[in-house]
Amino acid sequence: MSTSNTTTQEYVHHVAHHFDSAEEEYRTSKFGLWVFLMTEILMFGGLFVGYIIFRGIYSEAFAEASKFLDWRLGAINTVVLIFSSLTMVLSIYYAQHNQKAKVLLNLYITFFCGVIFMCIKAYEYAHKIHEGLLPGHMFHYSEQVAAHAPLYFSFYFCMTGMHGIHVMVGMGFILWLIRRAHRGEFSSNYFTPLECVGLFWHLVDLIWIYLFPLLYLVG
Amino acid sequence: MSLKSEEHHIIPLKSFIGVFFALLFLTVLTVVAAQFNMGEWNTVVAMLIASIKAFFVLAYFMHLKVDDKVFLVCFLLAVFFLIVMYAFSVVDIYTRVGVSNIL
């Protein structure tokens, strides 16, 4: 590791005792996270399978119900998440090049994108709740709609709600990364937490990439 | 015993920027494609574009392109079981609905 700067105290990551090397620790952590991502894919997969089947059966009702969603807000959120994925990956890139300030800047932007995403989501939810566009028996829209429109909103709130929870969890982890990055813990020698939270964040982005056309653009 | 960056294949910065703009372009394409009424094909086209976007995210942002293949196997395994879940659910529901409209 580089020891050129002796005036500031440099963070040294100690490999956990049950690993032979830093490389082994990095690979094992990452493998563990991928196994977790497999369970995530299957959990969201169940929701997707249910949605696709019911959309096939009640395609007209789902197409009508999806008109209540503003695709422009969905599109803005897509762009926000894609941009946050870019800044997340850049924070890892700059950690690999030992540029602490840029790591922090990108982490802050990523977190801020999460805030924007959740604000837009909250605005959409408030609008739906106000109109009575709610799941199942809670549905009480003022005008006559297709009989199975409430089913669409059950899926809408389940899928975007589950996704939103993941965004908030991801934001929590990014705050944790920011705290550690301030301490100067990340460098080309050690960036495992950045990599793992990054993978999680990209999966959340990936799920939204499928949610956006399925929920907002059907019909 | 340190994590030397040379041991990891670092994807160059311009690839990330390129992928970002590709994803933006594909998002616009999804929205534009949805304006045309192609019947059942709308969903097929939307899923196709989403899958191209997913490829870019997985290959570059999630480093699957340059990483150890074990992570790719993890991902493909999850997708395989997702397809199994989907296939069995579809066969179940549609054979029952087709016979007695149970839903």
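Predicted model, so just to flag it, every value in this text is computed and none were measured.

About the criteria used
Within any chain, residue numbers begin from 1 and follow the written order of that chain's sequence. For this description, chains carry letters from A and ligands carry numbers from 1, given in the order in which they are written. Local features in this predicted model are restricted to residues whose pLDDT is 70 or higher, and side-chain atom pairs enter the listing and the counts only when it is 80 or higher, whereas totals over whole chains, interfaces and linings include all residues. We count a stretch as a helix when DSSP gives it H or I for four or more residues in a row; a strand needs E for two or more, and each element gets its number in order from the N terminus. Exposure classes come from backbone-placed C-beta atoms, where a residue is buried if 20 or more other C-beta atoms lie within 10 Å of its own, exposed if 12 or fewer do, and partly exposed in between. Each residue gets a C-beta atom placed from its backbone, and two residues are in contact if those atoms lie within 7 Å. Residues are grouped as follows: nonpolar covers Ala, Val, Leu, Ile, Met, Phe, Trp, Tyr, Cys and Pro; charged covers Asp, Glu, Lys and Arg; every other residue, Gly included, is treated as polar. Any helix carries an expected span of 1.5 Å times its number of residues minus one. To get an axis, a line is fitted to the C-alpha atoms, and for a helix only the part in contact is used. The angle between two axes follows their N-to-C directions and goes from 0 to 180 degrees. Roughly parallel refers to an angle under 35 degrees, roughly antiparallel to one over 145, roughly perpendicular to one between 65 and 115, and oblique to any angle outside these ranges. Crossings are sorted by hand: turned counterclockwise from the far helix by less than a right angle, the near helix makes the crossing left-handed, and turned clockwise it makes it right-handed.

Q: Help me out: how do you make sense of the overall build of chain B in this one?
A: Within chain B one finds three helices and zero strands. When the helices and strands of chain B are placed in sequence order, the string is α-α-α. A total of 103 residues make up chain B; the buried ones form 19% of that total. Pairs at least 24 apart in sequence give 44% of the contacts found in chain B among residues at least 6 apart.

Q: How should the overall build of chain A be read in this particular structure?
A: Across its full length, chain A holds six helices and zero strands. Order of helices (α) and strands (β) in chain A, N terminus to C terminus: α-α-α-α-α-α. Considered along the principal axes of its C-alpha atoms, chain A spans approximately 75 × 30 × 25 Å. Across the 219 residues in chain A, those meeting the buried criterion constitute 40%. Sequence separation of at least 24 residues holds for 77% of the intrachain contacts in chain A that already meet a minimum separation of 6.

Q: I tried to follow the interface of chain B and chain A on my own but got confused; where do I start?
A: A common way to express how large an interface is: the accessible area buried when the components associate. Taken together, the 36 residues of chain B in the interface contact 40 residues of chain A. Among the secondary structure elements, those contributing two or more residues to the side of chain B that touches chain A are helix H1 (13–35), helix H2 (41–61) and helix H3 (69–100) of chain B. No other element matches the 13 residues that H3 of chain B contributes to the side of chain B that touches chain A. Grouping the constituent residues of the side of chain B that touches chain A by class yields 29 nonpolar, five polar and two charged.

Q: How do you make sense of unusual backbone geometry when you look at a structure like this?
A: Note: most peptide bonds trans; most residues except glycine with negative phi. Positive phi outside glycine occurs at Asn-98 of chain A, with the angle close to 55°. Within the fold, Asn-98 of chain A resides in the loop between helix H3 (71–96) and helix H4 (100–131). Despite not being glycine, His-63 of chain B has its phi angle at roughly 60°, a positive value. Along the chain, His-63 of chain B turns up in the loop between H2 and H3.

Q: Just to check I follow, could you spell out helix H6 (residues 192–216) of chain A for this structure?
A: Working note: α-helix, 3.6 residues per turn, so residues spaced by three or four point in the same direction. For H6 of chain A, built from 25 residues, the straight-helix expectation of 36 Å at 1.5 Å per residue is met to within 8% by its first-to-last C-alpha distance of 36 Å. H6 of chain A sits mainly inside the fold: 21 of its 25 residues count as buried.

Q: Could you clarify how one ought to interpret the packing of H3 of chain A against H4 of chain A in this entry?
A: Residue and element names in this part refer to chain A. Across the interface, H3 lies against H4 with an axial gap of 8 Å and an inter-helix angle of 160°. Viewed along their axes, H3 and H4 adopt a mutual orientation that is roughly antiparallel. With respect to the hand of their crossing, H3 and H4 are arranged in left-handed fashion. For the contact of H3 with H4, the residue count by class is 16 nonpolar, seven polar and two charged.

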